[in-house]
Amino acid sequence: MFTLLVTLKSMRPPPCALNSTTCIPPTISQYTFLYIALTLASLGLGGTRFILGTMGADQFDKPQYQASFFNWFIFSLYVGWIIAYTLLIYIQTTISWALSFAIALAANLLAAILFVAGSRMYRKFPPQGSPFISIARVFVAAFRNAKNKKSVLDGEDCYLHETEESKLAYGAPSNSLRFLNKAAMIKCNDDNHEVQGSSSKSWTQCTVEEVEDVKKLIKIMPLWTSSILLSGAIGVILSFTVLMALVMDRRVGTSNMKIPAGTFTVITLIVTAITSSMFDGFIYPAYKKLTGRNLTFLQCIGVGHISNILASIGFALVERRRLELVRAQHLMDQPNAVAPLSALWMAFPLVILGVGEGSFFSPEIAFYYQEFPKSLRSTSTAMVSLHIAAGYYLSSAFIDIVGRTSSWLPNDLNHGRVDYAAWVLAVVAFVNFGYFLVCAKFYKYNNHSSPGENVIDVPEK
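About the cut-offs
- The written sequence of each chain sets the order in which its residues are numbered from 1.
- Per-residue local features are limited, in this predicted model, to residues with pLDDT of at least 70; the limit for side-chain atom pairs, both in listing and counting, is 80 or more; totals at the level of whole chains, interfaces and linings are taken over all residues.
- Side-chain calculation: all heavy atoms of the structure are included, whereas hydrogens and water are not.
- Each helix is a run of DSSP H or I of at least 4 residues and each strand a run of E of at least 2, with the numbering of both proceeding from the N terminus.
- Working definition: with a 1.4 Å probe on protein chains only, accessible area under 20% of the residue-type maximum means buried, over 50% means exposed, and in between means partly exposed.
- Any two residues having at least one pair of non-hydrogen atoms within 4.5 Å are treated as being in contact.
- Under the convention used here, a 1.4 Å probe and the Shrake-Rupley method define accessible areas, while residue burial counts only the protein chains that appear.
- Here, the term nonpolar core denotes a set of buried Ala, Val, Leu, Ile, Met, Phe, Trp, Tyr and Cys residues that are joined through side-chain atoms within 4.5 Å.
- For cavity detection a 1 Å grid was placed over the protein atoms alone, and a set of points counts as a cavity when a 1.4 Å probe fits there but cannot get out; an open set counts as a pocket when protein lies on both sides within 12 Å along at least five of seven lines, with lining residues being those that have an atom within 4 Å of a point.
- Grid points are joined across faces, edges and corners, and a volume is the space filled by probe spheres set on the points.
- Definition used for salt bridges: Asp or Glu carboxyl oxygen within 4 Å of a side-chain nitrogen of Lys or Arg.
- Only four residue types enter the tally: Lys and Arg on the positive side, Asp and Glu on the negative side, with His and both chain ends excluded.
- Polar contacts, as counted here, are pairs of nitrogen or oxygen atoms within 3.5 Å of one another; within protein the pair requires one atom able to donate a hydrogen and one able to accept it, and residues that are adjacent in sequence qualify only if both atoms are side-chain atoms.
- Here an angle of 0 to 180 degrees is reported between the N-to-C directions of two axes, which are lines fitted to C-alpha atoms, with helices fitted over the stretch in contact.
- Should an angle fall under 35 degrees it is taken as roughly parallel, and over 145 as roughly antiparallel, whereas 65 to 115 is taken as roughly perpendicular and any remaining angle as oblique.
- Helix crossings get a hand from a simple test, with the near helix turned counterclockwise from the far one by less than a right angle marking a left-handed crossing and a clockwise turn marking a right-handed one.
- Here the nonpolar group is Ala, Val, Leu, Ile, Met, Phe, Trp, Tyr, Cys and Pro; Asp, Glu, Lys and Arg are the charged ones; every other residue, Gly included, is treated as polar.

Participant: Break down the overall build of the protein chain for me, with residues and values.
Facilitator: Of regular secondary structure, the protein chain possesses 12 helices and four strands. Buried positions account for 42% of the 461 residues belonging to the protein chain. Contacts in the protein chain between residues far apart in sequence, at least 24 positions, make up 76% of those at least 6 positions apart. For the protein chain, the exposed area adds up to about 25200 Å²; of that, 65% sits on carbon and sulfur atoms.

Participant: For the environment of Ala141, give the residues involved together with the corresponding values.
Facilitator: Turning to its location among the elements, Ala141 is positioned in helix α5 (residues 131-144). Here the alpha-carbon distance between Ala141 and Asn181, two residues 40 residues apart in the chain, equals 9.5 Å. Beyond its immediate stretch of four places on either side in the chain, Ala141 contacts Ala183, Trp203, Thr204, Gln205 and Cys206.

Participant: Could you give an account of the nonpolar core, naming the residues involved and the relevant values?
Facilitator: Ranked by internal contacts, the top residues of the largest apolar core, which has 85 residues, are Leu223, Phe240, Met244, Leu298, Met346 and Phe367. Top element by residues in this core is helix α7 (residues 208-245). It accounts for 17 residues. Look past the residues within four positions of Leu223 in its chain and what remains in contact with it is Leu298, Phe367, Tyr368, Phe436, Cys439, Ala440 and Tyr443.

Participant: Which residues make up empty space enclosed by the protein, and what values do they have?
Facilitator: Taken as a whole, this structure holds one cavity of 30 Å³ or more when the rule is applied. Within this model, the largest cavity holds a volume of roughly 30 Å³. Along the walls of the largest cavity sit Leu223, Ser226, Ser227, Ile301, Glu364, Phe367, Tyr368 and Phe436, which together make up its complete lining. Every element with two or more residues in the lining of the largest cavity is listed here: α7 and α10 (347-371).

Participant: How would you sum up the pattern of salt bridges? Please name residues and give values.
Facilitator: Between side chains of opposite charge, pairing is possible as soon as their charged atoms come close. The full count for this structure, using the stated rule, is nine salt bridges. Here Asp419 and Arg417 are joined by a salt bridge, their closest N and O atoms 2.6 Å apart. Owing to a relative accessible area of 2%, Asp419 belongs among the buried residues under this scheme. For Arg417, a relative accessible area of 22% puts it in the partly exposed group. One network of salt bridges, in which partners are shared, links Arg320, Arg321 and Glu324.

Participant: Residue-level account of the side chain of Glu371, with values.
Facilitator: As for its placement among the helices and strands, Glu371 is situated in helix α10. Buried and unpaired, Glu371 has no salt bridge, with Lys216 as the nearest side chain of opposite charge at 7.9 Å. Looking at Glu371, its side chain comes within polar contact range of the side chain of Tyr443, at 2.6 Å.

Participant: I'd like to hear about unusual backbone geometry, residue by residue, with values.
Facilitator: With glycine set apart, most residues show a phi of negative sign, and most peptide bonds adopt trans. Phi angles above zero are rare outside glycine, and His330 is one such case at about 55°. Within the element layout of this structure, His330 appears in the loop between α9 (297-328) and β3 (339-342). Judged by its relative accessible area of 66%, His330 is exposed. Of note, Asn336 is a non-glycine position whose phi angle comes to about 50°, a positive value. Tracing the backbone shows Asn336 in the loop between α9 and β3. By relative accessible area, which is 41% here, Asn336 ends up partly exposed.

Participant: For the packing of α7 against α9, give the residues involved together with the corresponding values.
Facilitator: Orientation of α7 relative to α9, taken along the N-to-C sense of each, is 30°, at an axis distance of 10 Å. Judged on the interaxial angle alone, α9 and α7 are roughly parallel. Considering how the two elements wind past one another, α7 and α9 form a crossing that is left-handed. Residues Leu223, Ser226, Leu230, Ala233, Ile234, Ile237, Thr241 and Met244 of α7 touch α9, and the partners they reach there are Leu298, Gly304, His305, Asn308, Ala311, Ser312, Phe315, Val318 and Glu319. Looking at the contact of α7 with α9 residue by residue, the class counts come to 10 nonpolar, six polar and one charged.

If you want it as structure tokens, here you go:
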């Protein structure tokens, strides 16, 4: 649809002359076609990007191979973004919009053909019903059974299980969040006889497995909320990158060629892709050789938090130096004057940001995949895209609030203090890192039995 939009003249309004005040606006049908295209693109992106990650990890049994798959999955994802932000945008600006969208269309068609061609070889797990209904049933059943007296049965026999095998595996519900245990308790009447129908799942009776799945979800949510500000800080930093690049020297060496301001963010994408690709072959083995231990998922996520703090400080220092040069060169009276400071100085904090993003992104997906209930595994990987979306909304809110409540972000950055805003961001990221440490300290991995479940082990060759 986007290819049609940029190819067919009837799908868009006629060109508007420069400085003209009589431009013809788009028609209702043109607006409708555009919004349908945007909606379908959003649905396709949200429904495939991380769900493909879950499906890929489902092809492996061992957790270390699943973690390795997520590393290369993120690498492939970022390589695609790098190509889109460089090659396709270059084609759009220098050759043709229609050609760039045609290339994207061909790439999507090829990906769909390859996916369908290999579908017979994939391991597929049939759906077992909506897990969200199961979660709702647990809360409803726990509330309804809150005043019920203890069952006449004892131990694990007091609770409903899926099968006899699961009874041996789970036993009685765990003691944490005990108010939910009532949802799985087999009810009895005043004569201490089991109530008829209480041994089957319903909105008043759940299984121990369902109760424990809800407990896992509740326990992991604080860690997930800490990632919202983690993504938000990345969004703010990338916005600052473009704003600062516009008032810095973007020339390459002594030539007159200028790097587009939006292209600097590609540095982060490249470093993230490189970091993700180095996990299996270098980072994991090197860490294990130096410490004698394996990296945990939470340690990798913590690296991402630390990198955000350091990147924010780096941008504050670069902006402070830029403002000093603007004042020293007496450029304050020139609107949006370019400071005699190379924009490539921003590469240092952007590299730090990319290392952190590459360190936490794939381990975080693997962490959710292994720690979420099995019935929610497809949702677990999508939770990453959810906190990214929430974080980027917060980044917009942060910039808007700073702009409204202070003079730090005026239209002319030479009269502002972006460095102050970056310092505030560093403080917010530091507080969020403390919150993450508290959550990580009290979090107990759900998979205790296998040593490969809660650490990132190196796959055997």
